[in-house]
Amino acid sequence: MGFQRDMLCVVGVLLVMSVTLGSAGDIVHQDDLTPSKKGCDNNFVLVKVPTWINGIEDKEYVGVGARFGPTLESKEKRANHTKVVLADPPDCCSTPKNNFTGEVVLVHRGNCSFTKKANIAEAFHAIAILIINNRTELFKMVCEHNETDLDIKIPTVMLPQDAGMNLKNQLEKNSRVSVQLYSPQRPLVDIAEVFLWLMAVGTILCASYWSAWSAREAATEQDKLFKDGSDEVLNLEDVGSSGSVDISTTAAILFVVIASCFLVMLYKLMSTWFIEVLVVLFCIGGVEGLQTCLVALFSCFRWFEHAGESFVKVPIFGAISYLTLAISPFCIAFAVVWAVKRQLSFAWIGQDILGIALIITVLQIVRVPNLKVGTVLLGCAFLYDIFWVFVSKWWFHESVMIVVARGDKSGEDGIPMLLKIPRMFDPWGGYSVIGFGDIILPGLLVAFSLRYDWLSKKSLQTGYFVWAMTAYGLGLLITYVALNLMDGHGQPALLYIVPFTLGTFLTLGKKRGDLHILWTRGEPERHCPHIRLQPSQ
């Protein structure tokens, strides 16, 4: 079991380092770098462009609105079906040969400014202009520094090259093409965020009780050894450490360095093959976590008690219980099926099951021994989160954490080290996500608080667990409030969670006079009875 534990710790730490982020996906983009002046100060918004070919509904494309022009309609039912025509000349940089009365004109990018194209289209009575980009991605349409003719009354939307060329090909076949243009707003709160909050809080709750129960069982066993006067008395500093790994202050500091290196590696190597490597790592950790959780669950029933206590020696893995051998094939099959079918719309369920099992197991094995280590760990994680979400933009020209979380350039819908739920009432779809680190890192401190309460025989009212758990829940709630206020921009969740969780613990400990014990020792003073060993006769 030692090999399995070590493997899980390595995989778990790598996965925790990957992402600590709460996100829902951006639909509104502020931009402080491009020119902004009166008539050219819109936010860049994504635009839905559903199409109809010869009266039959066809594909829906996504474009981006320009810095200039009017605000687009937000309700689909209020957006008109409008006929699309090709510009002649195609770039719409000179007087067109045809009139666009009451129509949407489709033009090519290039040869003149975006505003000139829009002004010409408006002058010939178009009601909107669609600009085909010369690349497959979208481009922010801004105004030039010296432009003054910015009183544009029609919306301007850019389409990716492939979408624009599809429409152009249909028009060249003399098909009748019509579109709608609208930019729906996200709901203030989506039910997905409620469920994600419950998942995160529930995961820490379960892991904390399991960790505290294990520590209490180890303490009880040690007390029995004391009373029996056994030679096998464990050192008091290692109470509850059997089968667990305590984090040191040095390890907590090194965390931010190693985590940063691993994140940059993810950012630089992000591609389809590298995502496959992450999926394999995630499956290894998920299998071990799911197996550990199921073995612990089944061991609570007397029918499986004997199988859980009977062991067989397996090469490499060591002594393994028969119950573990019986459960392992199911766990492996579950992970393999998820990995193969992970592109399906409901695959997020399997990802969340494996992720939750992994998180609970890591929180049961990896422990914070005292508040000092917890403070250093969360303090470093706090700075790490802020740096890689916000500050990294200055060096990399984009948020490294957000790019990694979305899985840009990987061809996949994000990396697997996230808990995610589809946004059910969001017209833009997508997922609400939370990184493993946003649960595990503060969860280590919350689990420590419950272990301290149980070993010091404190009640829920006089202990620290309820306060720490409540503080985490509030911090995560504030994260989602900030996420919605920022129009879906990814937020560093630890920016909000750490001050709530750690601040509450430190303040309460100081007020109650327990701060010294919490800071240095992490568990109440326990006195070892004097044991006299009689000399052998």
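Each chain has its residues counted from 1, following the order in which its sequence is written. For this predicted model, a pLDDT threshold of at least 70 governs which residues receive local features, and a threshold of 80 or more governs which side-chain atom pairs are given and counted, while totals over whole chains, interfaces and linings are taken from all residues. Note: side-chain values were computed over all heavy atoms of the structure, leaving out hydrogens and water.

With an unreviewed UniProt entry as reference, the protein chain is termed PA domain-containing protein, source organism Lithocarpus litseifolius. UniProt positions are given in the numbering used here, feature names are shortened, and annotations may be inferred rather than shown by experiment. The record held by UniProt for the protein chain lists under Function (unreviewed entry) the comment "Intramembrane-cleaving aspartic protease (I-CLiP) that cleaves type II membrane signal peptides in the hydrophobic plane of the membrane."

Novice: For the overall build of the protein chain, give the residues involved together with the corresponding values.
Specialist: Every helix listed is a DSSP run of H or I at least four residues long, and every strand listed is a run of E at least two residues long, numbered separately from the N terminus. Summing up its helical and strand segments, the protein chain has 16 helices and 15 strands in all. Summary of the burial criterion: residues with accessible area below 20% of their type's maximum are buried, those above 50% are exposed, and those between are partly exposed, where the area comes from a 1.4 Å probe applied to protein chains only. Per-residue burial over the protein chain gives 51% buried out of 537 residues. Whether two residues are in contact is decided by their heavy atoms: any pair within 4.5 Å suffices. Relative to all contacts within the protein chain whose residues are 6 or more apart in sequence, the contacts with residues 24 or more apart total 74%. A total accessible area of about 25,700 Å² is found for the protein chain, and carbon and sulfur atoms account for 61% of it. Computed with the Shrake-Rupley method and a 1.4 Å probe, the accessible areas treat only the protein chains shown as cover for residues.

Novice: Summarise helix 5 (residues 249-269); cite the residues concerned and give the values.
Specialist: Count 3.6 residues to each turn of an α-helix, and residues three or four apart come out pointing the same way. Across its 21 residues, helix 5 extends 30 Å between first and last C-alpha, which sits within 8% of the 30 Å expected from 1.5 Å per residue. Of all the bends in helix 5, the greatest measures close to 30° and is centred on Phe255. All of the buried residues along helix 5 are Ala252, Phe255, Ala259, Ser260, Phe262, Leu263, Leu266 and Tyr267. One less than the residue count of a helix, multiplied by 1.5 Å, gives the span that helix is expected to have. By definition, a residue's bend is the angle between the axes fitted to the seven residues ending there and the seven starting there.

Novice: Report on the state of the cysteines, specifying residues and quantitative values.
Specialist: Any cysteine sulfur atom paired with another within 2.5 Å is treated as part of a disulfide. Tallied over the full model, the rule gives two disulfides. Residue Cys40 pairs covalently with Cys143 via a disulfide, S to S 1.9 Å. Between Cys40 and Cys143 the sulfur-sulfur dihedral comes to about 105°; the bridge is accordingly right-handed. Here Cys40, found in the loop between strand 2 (28-29) and strand 3 (44-53), pairs with Cys143, found in the loop between strand 7 (128-132) and strand 8 (156-159); they are 103 residues apart in sequence, far enough to count as distant. Residue Cys40 is classed as buried on the basis of its relative accessible area of 0%. Take Cys143: its relative accessible area is 2%, and that puts it in the buried class.

Novice: Could you give an account of the packing of aromatic side chains, naming the residues involved and the relevant values?
Specialist: Classification of ring pairs uses Phe, Tyr and Trp, with its six-membered ring standing for Trp, and accepts pairs whose centres are within 6.5 Å; under 30 degrees between planes counts as stacked, over 60 as edge-to-face, and the remaining range as tilted. Under the criterion given, the structure shown has 17 aromatic pairs. Their ring planes at 35° and their centres at 6.1 Å tell us that Phe282 and Phe436 sit as a pair that is tilted. Of this pair, Phe282 sits in helix 6 (residues 272-298) while Phe436 sits in the loop between strand 15 (431-435) and helix 13 (437-455); the two residues are 154 residues apart in sequence, bridging distant segments of the chain. Like Phe436, Phe282 is buried. Between Tyr464 and Phe505 the ring centres are 5.3 Å apart and the planes differ by 20°, which places this aromatic pair in the stacked class. Taken as a pair, Tyr464 in the loop between helix 13 and helix 14 (465-485) and Phe505 in helix 15 (residues 494-512) lie far apart in primary sequence, 41 residues in all. For Tyr464, a relative accessible area of 1% corresponds to the buried category. Overall, the relative accessible area of 3% leaves Phe505 in the buried class.

Novice: Hey, could you go over the nonpolar core for me, with residue numbers and the actual values?
Specialist: Definition used in this section: a nonpolar core is a set of buried Ala, Val, Leu, Ile, Met, Phe, Trp, Tyr and Cys residues joined via side-chain atoms within 4.5 Å. Among the nonpolar cores identified, the biggest contains 92 residues, and Ile434 and Tyr472 are the most heavily contacted of them. In terms of residues, this core owes the most to one element, helix 6, which gives 11 residues. Listed in part, the 25 residues of the second largest apolar core include Cys40, Phe44, Phe114 and Ile120.

Novice: Quick one: what's the story with the packing of helix 10 (residues 371-391) against helix 13, residue by residue and with numbers?
Specialist: One can describe the packing of helix 10 onto helix 13 by two numbers: an axis separation of 10 Å at closest approach and a directional angle of 160°. On the basis of their axis angle, the class for helix 10 and helix 13 is roughly antiparallel. In this structure, helix 10 meets helix 13 at a crossing whose hand is left-handed. Between helix 10 and helix 13, the residues in contact are Leu371, Gly374, Leu377, Leu378, Ala381 and Asp385 and Asp438, Leu441, Pro442, Leu444, Leu445 and Phe448, respectively. Of the residues in the contact of helix 10 with helix 13, the class split is nine nonpolar, one polar and two charged. For helices, the fitted axis covers only the stretch in contact; all axes are lines through C-alpha atoms, and the angles between them, taken along N-to-C directions, range from 0 to 180 degrees. Roughly parallel here means an angle under 35 degrees, roughly antiparallel means over 145, roughly perpendicular means 65 to 115, and every remaining angle is called oblique. By definition, any crossing whose near helix is turned counterclockwise from its far helix by less than a right angle is left-handed, and any crossing with a clockwise turn is right-handed. When residue character is reported, Ala, Val, Leu, Ile, Met, Phe, Trp, Tyr, Cys and Pro are called nonpolar, Asp, Glu, Lys and Arg charged, and the others, Gly included, polar.

Novice: Quick rundown of a nonpolar patch on the surface? Include the residues and the values.
Specialist: A patch consists of residues whose relative accessible area exceeds 30% and which take part in no salt bridge; residues with like charges are grouped when within 9 Å of each other, and nonpolar side chains (Val, Leu, Ile, Met, Phe, Trp, Tyr) when within 5 Å. A pair is scored as a salt bridge if a Lys or Arg side-chain nitrogen falls within 4 Å of a carboxyl oxygen belonging to Asp or Glu. A contiguous nonpolar surface patch, about 780 Å² in accessible area, is contributed by Leu188, Val189, Ile191, Val194, Phe195, Leu198, Met424 and Phe425. The topology assignment puts Val194 in helix 4 (residues 191-228).

Novice: For the pattern of salt bridges, give the residues involved together with the corresponding values.
Specialist: Once their charged atoms are close, side chains differing in charge can pair, the charge on each being opposite to the other. Using the criterion set out here, one finds eight salt bridges in the structure. Taking the shortest distance from any N to any O, the salt bridge between Asp514 and Lys458 comes out at 3.7 Å. Within this pair, whereas Asp514 is found in the loop between helix 15 and helix 16 (515-520), its partner Lys458 is found in the loop between helix 13 and helix 14, the two being separated by 56 residues in sequence. One continuous salt-bridge network, built from bridges that share partners, spans Glu193, Arg423 and Asp426.

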